[in-house]
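Chain residues, written in single-letter form:
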Amino acid sequence: MGSGVARRWTLSAALLTGALWTSLAVAPATAIPPDALPLRLIAFRDLHGSLLPPQGPRSEVVRSDGASVPAGGAAYLAAYVRQLRSQADNSVLYSVGDTWGSSPIESAMFHDEPTVDLLNGLDVTAAALGNHEFDNGYAELQRLRDGGCHPEGCRYDEEFAGATFPLIAANVADADGSPAALPFTVDYVDGVPVGVIGIAPHDTPQVVRGDDIAGLQFTDEITAVDRTADALDALGVRSIVLLYKGALTPPAGTDPCDATAGPARSLATRVSPKVDVIVTADGDDSFNCSYPDPAGSPRTVLQGASHGRIISVADLTIDRESRDVLRDRTHAFNQIVTHDIAPDPRTQQFVDRAVDESRDVAERVVGRIAADLTRDTAPSGESALGNLVADAQLAAAEPAGAQLALTNPGGVRADLLHSGDGVVTYGDAYAAQPFGNRLQVLELTGAELVGILEQQFQQDGTGAGRERILAPSHTLRYVLDRAAAPGSRIRDVTIADRPLDAAAAYRVVVNGFLAEGGDGFTGFTQARRATGAGAELDALNDYLAQHAPVPPPATDRIALP
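Residues numbered from 1 in each chain as written. Predicted model: local features only at pLDDT ≥ 70, side-chain atom pairs only at ≥ 80, totals over all residues. Heavy atoms only, no water.

Student: How should the pattern of salt bridges be read in this particular structure?
Tutor: Opposite charge on two side chains permits them to pair, given that their charged atoms come into close proximity. For the structure shown, the criterion picks out 31 salt bridges. Residue R40 pairs with D315 through a salt bridge whose shortest N-O separation is 2.7 Å. With R40 in strand β2 (residues 36-45) and D315 in strand β16 (residues 310-319), the pair connects residues that are 275 residues apart, well separated along the chain. Note on R40: relative accessible area 9%, which makes it buried. For E152, the salt bridge goes to R155, with nearest N and O atoms at 2.4 Å. Sharing partners across several salt bridges, the network here consists of R45, D46, D98 and K245. (Salt bridge = Lys/Arg side-chain N within 4 Å of Asp/Glu carboxyl O. Helix = DSSP H or I, 4+ residues; strand = E, 2+ residues; numbered from the N terminus. Buried < 20%, exposed > 50% of the residue type's maximum accessible area, 1.4 Å probe, protein only.)

Printed below as a string of structure tokens:
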């Protein structure tokens, strides 16, 4: 990090449960002169283990002049980070949640150790935890933090040393309430303490398999921020940054910096005024906004773009005497990680190695498609790729008696693109279905099935309505009436062209995440029995091989009135 950063200071969980609330003074590392201290804050978010530039719809970013340009990739990200740091006397570099998880095969094949090594090489100051860091369980998260080989062995190097940066989340606790992660870290920048708080999504239990986070609590985000900001203030830390991985996606077509409404404003105007800058991570929008904090002072809220495509930068001025950020002097901007500069050579060598070592597996052909299969949604909420995945899961589970399949759109992570020859590789299929879920055939009554379909209409953490439309197999059809009263939005359901019988038993195949009630679909947990039906990735690969070239299925299974 920048030459002005003298040392990093963190508190243990034991201290946090005891002396955290006592009023302690932080002794400055050096005498504090009266002049101001400049500090450049750099942050990226939702990297998801993307060592290579992203493909498909996320491959480009729209510039301010309206032109679309290729963006992202670890080597270009590193080049921009090094350039931005070289321009500042002092700098900190943060990752804002979902740094790995749902990763491409060149990282995931090696249990995301390459991504951790990438961040080590970038000298990341701290990384906030998102929900995807828990995809493979808390124990695996701890291993990536602390080092050591995976139970399957070290695949990338003979040894794995772990992260050299702290992983922080102030709202994650063990069953007894003790912190399960560091809530914050403090860095001395030329003798002045700068604190950073991390926040994970409170709804992580809804989007991660239950057994992966057994015994963990994800508490209210704002309560945790306010508590931790008070603790930092009591410790003499006045310059505070918040890394917030949460549900901040504004409604489509709205201004993310709307001065009167929107989730980003809701956060910025409620969270402790002791926080000086907020960097968020959610959805596809990037923005650079200013909102009044609860005390009425303006506060910058920044968000870049996922997969290393846009970096957020805030140039801060800190008063050495008060140790606080002079907010009226903050200059913030979002930097597109374009490909018109030279990639960082050391990082490029690192990426090339990961790609080369995963090549034999990644490039194995598993099938062919007749046209692009994308996650683009029709007015009904269906997508061609989602419907294909559901059909593949039904085909895999029919020997176990399955009559229909439903899959969650969040479990389908990348498009399958034709690219001229229609070839689909294992790496392509893995990118689409990266979670390693097992399939379960559940027995539900017709009435219970309709109840689950009604659960597609939910509320987010702010109380706003949202939809999670499950992709249906070709055997399931129904009418979805968004204007109807809750509980009456699903009608005219047929299974294999026969009207649904509310009292009859049906066998439904879903992935293990949904079977546990993930994404708010608690109705699946009412099933009376379950039968295993293999892995979801195997189901997709088998279907692609057996039906090649696979055409895009129609998105007409859900009718609108």
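So much for the structure itself; the text now carries on.
Student: Where do I start with helix α2 (residues 74-86) in this structure?
Tutor: Because each turn of an α-helix spans 3.6 residues, side chains separated by three or four positions in sequence point in the same direction. For α2, with 13 residues, the first-to-last C-alpha span of 18 Å sits near the 18 Å given by 1.5 Å per residue. Summarising burial for α2: 10 of the 13 residues are buried, a large majority. For α2, the full list of buried residues reads A74, A75, Y76, L77, A78, A79, Y80, V81, L84 and R85. On its buried side, α2 packs onto β2, β5 (91-96), α4 (113-122), β16, β17 (331-336) and α9 (345-362). (Expected span 1.5 Å × (residues − 1). Contact = heavy atoms within 4.5 Å.)

Student: Would you explain the side chain of H132 in this entry?
Tutor: Note on placement: H132 falls in the loop between β6 (126-128) and α5 (138-146). Among residues more than four places away in sequence, those in contact with H132 are H48, D98, W100, G101, S102, R413 and F435.

Student: Looking at this structure, I do not really get the packing of α2 against α4. What am I missing?
Tutor: How two helices pack is summed up by the angle between their axes together with the distance between the axes. It is at 11 Å that the axes of α2 and α4 come closest, and there the two elements cross at 20 degrees. Considered as vectors, α2 and α4 are oriented roughly parallel to each other. Considering how the two elements wind past one another, α2 and α4 form a crossing that is right-handed. From α2, A74, L77, A78, R82 and R85 reach across to α4, where they touch L118, G121 and L122. Per-class residue counts for the contact of α2 with α4 are 5 nonpolar, 1 polar and 2 charged. (Axes fitted to C-alpha atoms, helices over the stretch in contact; angles between N-to-C directions. Parallel < 35°, antiparallel > 145°, perpendicular 65-115°, else oblique. Left-handed = near helix turned anticlockwise from the far one by under 90°. Nonpolar A, V, L, I, M, F, W, Y, C, P; charged D, E, K, R; others polar.)

Student: Explain the sheet that holds strand β21 (residues 438-445) here, please?
Tutor: Paired through backbone hydrogen bonds, the strands of a sheet run either parallel or antiparallel to each other. Taken in spatial order, the 5 strands make up an open sheet running β24-β19-β28-β21-β29, and their pairing is mixed. Each having just a single partner strand, β24 (471-472) and β29 (530-535) make up the two edges of the open sheet. Of the pairings in the sheet, the one linking β21 to strand β28 (residues 505-511) comprises 7 bridges and is antiparallel in character. Of the residues in β28, the one forming a bridge with T445 is A505. The strands touched by helix α12 (residues 446-454) within the sheet are β19 (404-407), β21 and β28, with β21 carrying the most contacts at an inclination of about 120 degrees. (Pairing = 2+ DSSP bridges.)

Student: So what exactly am I meant to see when it comes to the sheet that holds strand β27 (residues 498-499) here?
Tutor: Taking strand neighbours across the sheet as the criterion, the 4 strands line up as β27-β26-β25-β30 in an open arrangement whose pairing is mixed. Either end of the sheet is taken by a strand with one partner, and the two such strands are β27 and β30 (558-559). Across 2 bridges, the pairing between strand β25 (residues 476-480) and β30 is parallel. Note that in β30 the partner of Y478 across the bridge is I558. Each of β25 and β26 (490-495) is contacted by α12, which is oriented at about 125 degrees to β26, the strand it contacts most.

Student: Where do I start with the environment of S107 in this structure?
Tutor: Among the secondary structure elements, S107 is positioned in helix α3 (residues 105-108). A relative accessible area of 0% places S107 in the buried class. The spatial distance from the C-alpha of S107 to the C-alpha of T330 is 36 Å, given a sequence separation of 223 residues. When neighbours within four sequence positions are excluded, S107 is seen to be in contact with G49, D112, E113, P114 and T115.

Student: Quick question: what am I supposed to make of the state of the cysteines here?
Tutor: By definition, a disulfide links the sulfur atoms of two cysteine residues through a covalent bond. A complete count under the given rule lists 1 disulfide for this structure. A disulfide bridge connects C149 with C154, and the sulfur atoms are separated by 2.0 Å. Negative torsions about the S-S bond denote left-handed disulfides, and the value of about -110 degrees found for C149 with C154 makes this one left-handed. Since its relative accessible area comes to 39%, C149 is described here as partly exposed. (Disulfide = S-S within 2.5 Å.)

Student: Is there a simple way to explain the environment of L544 in this structure?
Tutor: Tracing the backbone through its elements, the reader meets L544 in helix α14 (residues 536-546). The buried category is assigned to L544, whose relative accessible area is 0%. Here the alpha-carbon distance between L544 and D328, two residues 216 residues apart in the chain, equals 57 Å. Apart from residues lying up to four places away in sequence, L544 is in contact with V366, G367, R368, I369, L388, L416, V424 and V550.

Student: What am I meant to see in the packing of α2 against α9 here?
Tutor: At a closest axis distance of 8 Å, the pairing of α2 and α9 adopts a crossing angle of 160 degrees. One element, α2, and the other, α9, form an angle in the roughly antiparallel class. Handedness of the crossing formed by α2 with α9: right-handed. Contact residues: A74, A75, A78 and R82 in α2; R346, T347, Q348 and V351 in α9. Classifying every residue of the contact of α2 with α9 gives 4 nonpolar, 2 polar and 2 charged.

Student: What exactly am I supposed to notice about α9 here?
Tutor: A rise of 1.5 Å per residue sets the reference length of α9, with its 18 residues, at 26 Å; its end C-alpha atoms lie 24 Å apart and thus fit the reference within 8%. Along α9, the sharpest kink reaches roughly 30 degrees, centred on D356. Those residues of α9 that sit buried are T347, F350, V351, A354, V355, S358 and A362. Where α9 is buried, its residues meet α2, α3, α4, β20 (423-425) and α11 (426-432). (Bend = angle between axes of the 7 residues up to and from the residue.)

Student: Help me understand the confidence of the model for the protein chain in this model?
Tutor: Averaged over every residue, the pLDDT of the protein chain is 89; the share at 70 or more is 91%. Here residues 1-33 scores under 50 on pLDDT; set against residues more than four positions off or in separate chains, the count is 80 contacts. (pLDDT = per-residue confidence, 0-100.)

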